[in-house]
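# Coordinates in review
Listed here are the chains, written in short residue letters.
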Amino acid sequence: MPTQALFGQLLIGLINGAFYAMLSLGLSVIFGLLNIINFSHGAQYMMGAFVAYFCLQWAGLGYWWALLVAPLVVGTIGIVLERTMLKRLYHLDHLYGLLLTFGLALVIQGIFRNEFGSSGLPYGAPALLTGGYNLGFMFLPTYRAWVVLFSLAVCLATWYVIERTKLGSYLRAATENPTLVQAFGINVPRMITLTYGFGVGLAALAGVLAAPIYQVNPLMGADLIIVVFAVVVIGGLGSIMGSIVTGFGLGVVEGFTKVFYPEASNTVIFVIMALVLLVRPAGLFGRAS
Amino acid sequence: MPEPLLTVRGLNAWYGESHILHGVDFDVSPGEVVTLLGRNGAGKTTTLKAIMGIVRRRTGSVRFEAAELATLPSNAIARLGIAFCPEERGIFASLDVEENLLLPPVVKPGGLGVDAIFALFPNLRERRHSQGTKLSGGEQQMLAIGRILRTGARLLLLDEPTEGLAPVIVQQIGRTIERLKRDGFTILLVEQNFRFAATVADRHYIVEHGRVVDLIPNAALATSMDKLHEYLGV
Ligand SMILES: Nc1ncnc2c1ncn2[C@@H]1O[C@H](COP(=O)(O)OP(=O)(O)OP(=O)(O)O)[C@@H](O)[C@H]1O
Ligand SMILES: [Mg+2]
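This write-up is about the structure you can find in this document.

Thresholds applied
Residues numbered from 1 in each chain as written. Chains lettered and ligands numbered in written order. Predicted model: local features only at pLDDT ≥ 70, side-chain atom pairs only at ≥ 80, totals over all residues. Heavy atoms only, no water. Near = heavy atom within 4 Å. Polar contact = N/O pair within 3.5 Å; in protein donor to acceptor, adjacent residues only side chain to side chain. Areas by Shrake-Rupley, 256 points an atom, 1.4 Å probe, with all protein chains shown as cover. Helix = DSSP H or I, 4+ residues; strand = E, 2+ residues; numbered from the N terminus. Salt bridge = Lys/Arg side-chain N within 4 Å of Asp/Glu carboxyl O. Buried < 20%, exposed > 50% of the residue type's maximum accessible area, 1.4 Å probe, protein only. Donors = N, O, S within 2.8 Å, 3.2 Å for Na, K, Ca; no water. Contact = heavy atoms within 4.5 Å. Buried area = accessible area lost by both parts, 1.4 Å probe. Nonpolar A, V, L, I, M, F, W, Y, C, P; charged D, E, K, R; others polar. Core = buried A, V, L, I, M, F, W, Y, C linked by side-chain atoms within 4.5 Å. 1 Å grid on protein atoms, 1.4 Å probe; cavity = no way out; pocket = protein on both sides within 12 Å on 5 of 7 lines; lining within 4 Å. Points joined across faces, edges and corners; volume = space filled by probe spheres on them. Pairing = 2+ DSSP bridges. Axes fitted to C-alpha atoms, helices over the stretch in contact; angles between N-to-C directions. Expected span 1.5 Å × (residues − 1).

## A few points about the site of ligand 1
Residues and elements named next belong to chain B. Around ligand 1 there are 13 residues in total, and Gly41, Lys44, Thr45, Thr46 and Gln192 lie nearest to it. A distance of 3.0 Å separates an oxygen atom of ligand 1 from a polar side-chain atom of Glu87. Here an oxygen atom of ligand 1 sits 2.5 Å away from a polar atom, N or O, in the side chain of Gln192. Computed on the free molecule, ligand 1 has an accessible area of 640 Å², of which 61% lies beneath the protein chains in the complex. Sort the elements by how many residues they give to the shell around ligand 1 and helix 1 (residues 44-52) lands first, with three residues.

## What to know about the pattern of salt bridges
All names here are of chain B. Overall, the coordinates contain ten salt bridges over all chains when judged by the stated rule. Note that Arg125 is salt-bridged to Asp115, the shortest N-O span being 3.8 Å. In this pair, Arg125 sits in helix 5 (residues 122-126) while Asp115 sits in helix 4 (residues 114-120), placing the two residues ten residues apart along the sequence. Taking relative accessible area as the criterion, Arg125 reaches 35% and is therefore assigned partly exposed. Notably, a salt bridge pairs Lys227 with Asp214, separated by 3.1 Å at the nearest N-O pair. Taken together, the residues Lys227 in helix 9 (residues 225-232) and Asp214 in strand 10 (residues 211-217) connect sequence positions 13 residues apart.

## Description of the coordination of the magnesium ion (ligand 2)
Residues and elements named next belong to chain B. Donor atoms from the polypeptide that bind the magnesium ion (ligand 2) are Thr45 (OG1) and Glu87 (OE), placed at 1.9 to 2.4 Å. Separated by 42 residues along the polypeptide, Thr45 in helix 1 and Glu87 in the loop between strand 6 (82-85) and helix 3 (97-102) bring together distant segments of the chain. Take Glu87: its relative accessible area is 25%, and that puts it in the partly exposed class.

## Section: the interface of chain A and chain B
Each partner contributes residues to the interface: chain A has 17 residues there, and chain B has 22 residues. Both faces considered, chain A and chain B share a buried interface measuring about 1700 Å² in area, 60% of it formed by carbon and sulfur atoms. On the surface where chain A and chain B come into contact, there are one salt bridge. With its nearest N and O atoms 2.9 Å apart, the salt bridge here joins Arg172(A) to Glu99(B). Summed over the shared surface of chain A and chain B, the result is seven residue pairs in polar contact (both at pLDDT 80 or more). In terms of residue count, helix 6 (residues 166-176) of chain A provides more of the side of chain A that touches chain B than any other element does, six residues in total. Looking at side-chain class alone, the side of chain A that touches chain B contains seven nonpolar, six polar and four charged residues.

## Quick look at the nonpolar core
Among the nonpolar cores identified, the biggest contains 159 residues, and Leu6(B), Phe26(B), Leu156(B) and Leu188(B) are the most heavily contacted of them. When residues no more than four places from it in sequence are discounted, the contact partners of Leu156(B) are Ala83(B), Ile148(B), Leu149(B), Leu180(B), Phe185(B), Thr186(B), Ile187(B) and Leu188(B).

## Quick look at empty space enclosed by the protein
Across all of its chains, the model carries two cavities of 30 Å³ or more by this definition. Roughly 50 Å³ of internal volume is contained in the largest cavity. Of the residues contributing to the lining of the largest cavity, the split by class is nine nonpolar, one polar and no charged. By volume, the second largest cavity amounts to about 30 Å³. Of the residues that constitute the lining of the second largest cavity, the class distribution is five nonpolar, three polar and one charged.

## Focus: the sheet that holds strand 2 (residues 18-28) of chain B
Residue and element names in this part refer to chain B. Reading across the sheet, the four strands line up as 2-1-4-5 and stay open at both edges, with antiparallel pairing between neighbours. Lying at the two open borders of the sheet, with one neighbouring strand each, are strand 2 and strand 5 (67-68). The pairing of strand 1 (residues 6-15) with strand 4 (residues 58-64) spans six bridges and is classified as antiparallel. Looking across to strand 4, one finds that Thr7 is bridged to Arg63. Along the sheet face, helix 1 touches strand 1, strand 2 and strand 4 and points at about 105 degrees away from the line of strand 1.

## Comments concerning helix 4 (residues 94-116) of chain A
Residues and elements named next belong to chain A. Helix length check: helix 4 (23 residues) gives 33 Å between terminal C-alpha atoms against 33 Å at 1.5 Å per residue, within 8%. Three or more residues of helix 4 are buried, namely Gly97, Thr101, Leu104, Ala105, Ile108, Gln109 and Phe112. The inward-facing, buried residues of helix 4 abut helix 2 (41-59), helix 3 (63-84) and helix 9 (220-235). Following helix 4 by one or two positions, Gly117 adopts a phi angle in the positive range, close to 70 degrees.

## A look at the sheet that holds strand 7 (residues 155-159) of chain B
All names here are of chain B. Strand order across the open sheet formed by six strands is 6-7-8-3-9-10, with mixed pairing between neighbours. Each edge of the sheet is formed by a strand with only one pairing partner; in this case those strands are strand 6 and strand 10. Across the sheet, the mean angle separating the axes of adjacent strands is 20 degrees when strand polarity is ignored. Alignment of strand 9 (residues 203-208) against strand 10, held across six bridges, turns out to be antiparallel. Bridging from a neighbouring strand, His204 pairs with Ile216 of strand 10. Each of strand 6 and strand 7 is contacted by helix 6 (residues 137-149), which is oriented at about 170 degrees to strand 6, the strand it contacts most. In the packing of helix 7 (residues 167-182) onto the sheet, contacts are made with strand 3 (33-37), strand 7 and strand 8 (186-191), and the angle to strand 8 comes to roughly 155 degrees.

## Brief notes about unusual backbone geometry
Residues and elements named next belong to chain B. Positioned with a positive phi, Arg89 is a non-glycine residue whose angle comes to about 75 degrees. Mapped onto the fold, Arg89 is located in the loop between strand 6 and helix 3. Although it is not a glycine, His209 adopts a positive phi angle of roughly 45 degrees. Relative to the assigned elements, His209 resides in the loop between strand 9 and strand 10.

## Observations regarding the side chain of Asp27(B)
Residues and elements named next belong to chain B. Among the secondary structure elements, Asp27 is positioned in strand 2. Of note is the side chain of Asp27, whose polar atom sits 2.7 Å from the side chain of Arg9. If we ignore the near neighbours within four places in the chain, the residues touching Asp27 are Pro4, Leu6, Thr7, Arg9, Arg203 and Tyr205.

Take a look at the structure:
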């Protein structure tokens, strides 16, 4: 077993894991407070990458600006969506939210495919992050290292805000009992809207990070989101640290499977999901309700 | 008689299609402790929730100081200086004791400080880093009352604070209510336990089938026992 290949796959695993973690984190936060399984998450991730592309093409704003602009733009679109459509579904079964957001994802992806085809548009990494380091046992591309570290930082910052701050205590409490939190004087409907905007913004941020690695493609989120849902099921909806650990962990597991048993690398996550469902239906970190 | 602090007139309320309150009328003066007594399912909790705006579908008038509450959402009602302590206590499992205590935002000046609350309920100080729902039933009730004392709300709606608690804890809650009354809080108390209610309240309203059907001043309670037994079915 060449160590080169091992470390190469470990790195790819960490990269994939970074996207799994960021996306499942947003899904978890959204599900916790809105009770909605946000199936348009993959489309919103794709929109983030496209906003980065538009920023460059139309406004000459590069990668660093896109990291800021894309979450704001896509998050704002999410907020409009929540105010006009999602908020009508909160008192209904999860299934309605899932169907609506699934339909929206198809519509959004269809529009982008119509406009931009499905071959993918190139988007380069910023000059500061090109090149790489020769570590002796492997070559580490700077941009990939950046993606892993940056998304880890974003995930941990999100965890910190939710689990350790006053604002986070409102969010946790409202996830448990929104009626009572509102009766204490908190504007819970506004908090719900902003939370959705935040979760969607996180997906868009992941989209910008992905653009230089995978190109900008209307269907880039469609396949990814299926795996991310499996990650969420394994980790257990609603646990913040659970999403982060499971996301990175499964990315790595997937990477190693490519080295040791490549035939299973596309299915290993789903096999793990089936096993976890058998043993712990609420997920590894989920609280059984 | 001073101007009432809270005036409820013709209050109707619904859960979905079920019509629960059918014209509730009563008032509470500043500094009073007033109870709502009644059988299971009479509509006492619903009355508190309709005042608080937690039951959204409601008609009639709920006046607090100069404000009309019947059309406001619950967060706006809380901001006017009313706080609600629910029957099921509503302690949050994902928050520790201190976070539970600090959760309700301060809406008016003049609330109790955290130290004053810990002085009232010393157990809470010792357990402030425990998960909220790991507390005993009595401690959870203290936490549920304690956390609304910080907010500066002057009208407290307490829903069966003594339910299911040991006699010593009931006494401690009784002393707390007396102390709050001395401090000038106004309290609307829902109770099943009229023996407890008699030790703390000025007046008692009887709720039956979604209406207030009688008013008994605390001084007249002893002579109204037969009537009361009939109302409460005890
Ligand atoms: N969420 C709800 N949906 C539908 N009906 C409800 C709901 N909550 C209460 N009710 C009904 O409303 C009526 C009044 O209930 P409420 O809880 O106000 O009674 P209560 O006087 O507080 O009784 P208890 O002493 O048992 O707490 C009851 O018939 C109850 O079944
Ligand atoms: Mg009740």
